[in-house]
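Observations on the three-dimensional arrangement
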Amino acid sequence: MGIPDKENMNPFWLLFLWSIQVALVIIVAILNPNHYTTFDSGYYLASARFLMDGQGYLIQDGSVTVWNSVFPMGYSLLIALVALGTGIKVLWASKIVNLLFSGLWLFYLNKWFGTKTALLTGSILLFGNFLKIWVHTWSEPSFLILLFFLLYHFQKMDSQPNLKRGLTVLLLGIALMLIRYAGIFIIFLTLLVGFSSLYKRRFVLAKINFGLALGWTSFIALYFLINNLLGNSWYGGERFYGLNEFSTTFILFIKALINEILVFRNTDFMHLDAIFVFGLFAQSIVLFLAFKKMNFKPSFIHFKKDSITQYTFIFALMYLLFLVIIRLLSPFDEPGYRLMSPFSFLFLWILLYSFSSQRIVLKPVYLLYFGIFIVLTWLELAPEKNINEKLTPLFQLF
């Protein structure tokens, strides 16, 4: 017995998966002393409160309130709407916003790809790194889901280049940029696809892509202009200070990619804590046994021309290249799981989608292995501080 390859699974399992994520996010957020809020979270929540009071998209700057040009208003607006609609505090409204997006994603995965594929690919939501992102009051969860919706319709537009599909992509792109300024990377991607379409003599598709690039550029330019008029800053202060050293930036991203591969536990490459060593060993063993037992070959990922996997890879790669270029121009935080999440989210989806496409009956033992693998990724939720320091007093008792 097991889950068959055919799409006859009960969608109830998707609700069950989402319920697990909801429970974990809420429990972890409650147990954490600051409920997984950071400096950035303060901006989102403060602006949400000002929006609820009808004062506008503002933040407190000393003794005065100013227009919030540091972050686009999308996430704070969503928090304010949920808080107004439910009557709960903005902190918990932010968690609900994140969870509503994951529920919406699972719904459309089921609609577009079937329950089996939706269940396997949707399990990304339970991976440690993404649980940590979802539990934070950050805009990344909504950004990731909107990015996936965008690339899905973008791929469909390739096969059906019409005005209706183009308008859908246009609106999703605007929504993406209203969540994070990093969404502007889609402008460069669209231009590349437009020139590629011209080369292939697909003139209708080229026209739509160039129209999208123009529309998105006009929108973000207008938004930056509003920022400057209302907040005396295009995008929240000076962000570009000249070129950073290429070799240093390259090494930073190599380290970041290694950490994205090591799903059980990240490392700072300066200290090897006990959990990291255990996670590295466990991940190697689990993957080796899985590939051996299920007889996988490295070629099980297929990038068919104009397929959803091909477009997902293109979006992931373009985001990564955009991030590298911006890091060369601006000394923002070192790329960690938060900044890298769009790349790793899409790449992991490709792997799980390719896995779900195999003609394999998902026997209970396989599901057990996968479940253990996911639970082990929760090691990423353990404290960042070197665990050896915490265990030393215990070791001294023996």
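Residues numbered from 1 in each chain as written. Predicted model: local features only at pLDDT ≥ 70, side-chain atom pairs only at ≥ 80, totals over all residues. Heavy atoms only, no water.

A look at the environment of G336
You can see G336 is positioned in the loop between helix 13 (308-329) and helix 14 (337-356). It is 8.9 Å that separates the C-alpha atoms of G336 and L257, two residues lying 79 residues apart in sequence. (Helix = DSSP H or I, 4+ residues; strand = E, 2+ residues; numbered from the N terminus.)

Quick look at helix 4 (residues 90-113)
The terminal C-alpha atoms of helix 4 lie 34 Å apart, and with 24 residues this matches the ideal 34 Å at 1.5 Å per residue to within 8%. A positive phi of about 95° marks G114, the residue just after helix 4. (Expected span 1.5 Å × (residues − 1).)

Some points on the pairing of strand 1 (residues 58-61)
Both strand 1 and strand 2 (residues 64-67) contribute to a ladder of four bridges, which runs antiparallel. Each bridged residue has a counterpart across the sheet, and for D61 the counterpart in strand 2 is V64. Following strand 1, the chain reverses through two residues before pairing antiparallel with strand 2; G62 in that reversal takes a positive phi of roughly 70°. (Pairing = 2+ DSSP bridges.)

Describing the nonpolar core
Counting 98 residues, the largest nonpolar core has W105, W134, F148 and F315 as its most contacted members. For this core, the leading source of residues is helix 7 (residues 140-159), giving twelve residues. Residues in contact with W105, not counting those within four places in the same chain, are T121, G122, I124, L125, I145, F148, F149, F345 and W349. (Core = buried A, V, L, I, M, F, W, Y, C linked by side-chain atoms within 4.5 Å. Buried < 20%, exposed > 50% of the residue type's maximum accessible area, 1.4 Å probe, protein only. Contact = heavy atoms within 4.5 Å.)

Remarks on the confidence of the model for the chain
The share of residues in the chain with pLDDT of 70 or more is 84%, and the mean pLDDT across the chain is 85. Confidence drops under pLDDT 50 across residues 1-6; counting only partners more than four residues distant or on other chains, this segment forms 18 contacts. Scored below 50 in pLDDT, residues 390-398 shows two contacts in the model against residues more than four places distant or in partner chains. (pLDDT = per-residue confidence, 0-100.)

Describing the packing of helix 7 against helix 14
Running from N to C, helix 7 and helix 14 point in directions that differ by 40°, and their axes come no closer than 10 Å. When the axis of helix 7 is compared with that of helix 14, the two are oblique. Crossing angle aside, the handedness with which helix 7 passes helix 14 is right-handed. On helix 14, the residues touching E140, F143, L144, I145, L147, F148 and L151 of helix 7 are R338, S341, P342, F345, L346 and W349. When the residues that make up the contact of helix 7 with helix 14 are grouped by side-chain class, the tally is ten nonpolar, one polar and two charged. (Axes fitted to C-alpha atoms, helices over the stretch in contact; angles between N-to-C directions. Parallel < 35°, antiparallel > 145°, perpendicular 65-115°, else oblique. Left-handed = near helix turned anticlockwise from the far one by under 90°. Nonpolar A, V, L, I, M, F, W, Y, C, P; charged D, E, K, R; others polar.)

A few points about helix 1 (residues 12-31)
For helix 1, which comprises 20 residues, the first-to-last C-alpha distance of 29 Å matches the rise-based estimate of 28 Å (1.5 Å per residue) to within 8%. Every buried residue of helix 1 is accounted for by L14, L17, Q21, V25 and A29. Down the axis of helix 1, the smallest arc covering the buried residues is 90°, so these residues share one side. Check the buried side of helix 1 and you find it contacts helix 4, helix 5 (115-122) and helix 6 (128-135). (Arc of directions from axis to C-beta.)

Brief notes about the packing of aromatic side chains
Counted under the stated rule, the structure contains 35 aromatic pairs. When the ring of F130 is compared with that of F345, the centres are 5.6 Å apart and the planes differ by 70°; the resulting orientation is edge-to-face. Of this pair, F130 sits in helix 6 while F345 sits in helix 14; the two residues are 215 residues apart in sequence, bridging distant segments of the chain. The exposure classification of F130 matches that of F345, with both residues buried. A network of ring pairs unites the aromatic residues W105, F107, Y108, W112, F113, F130, F148, F149, Y152, F345, W349 and Y353 as a single cluster. (Phe/Tyr/Trp six-rings, centres within 6.5 Å; stacked < 30°, edge-to-face > 60°.)

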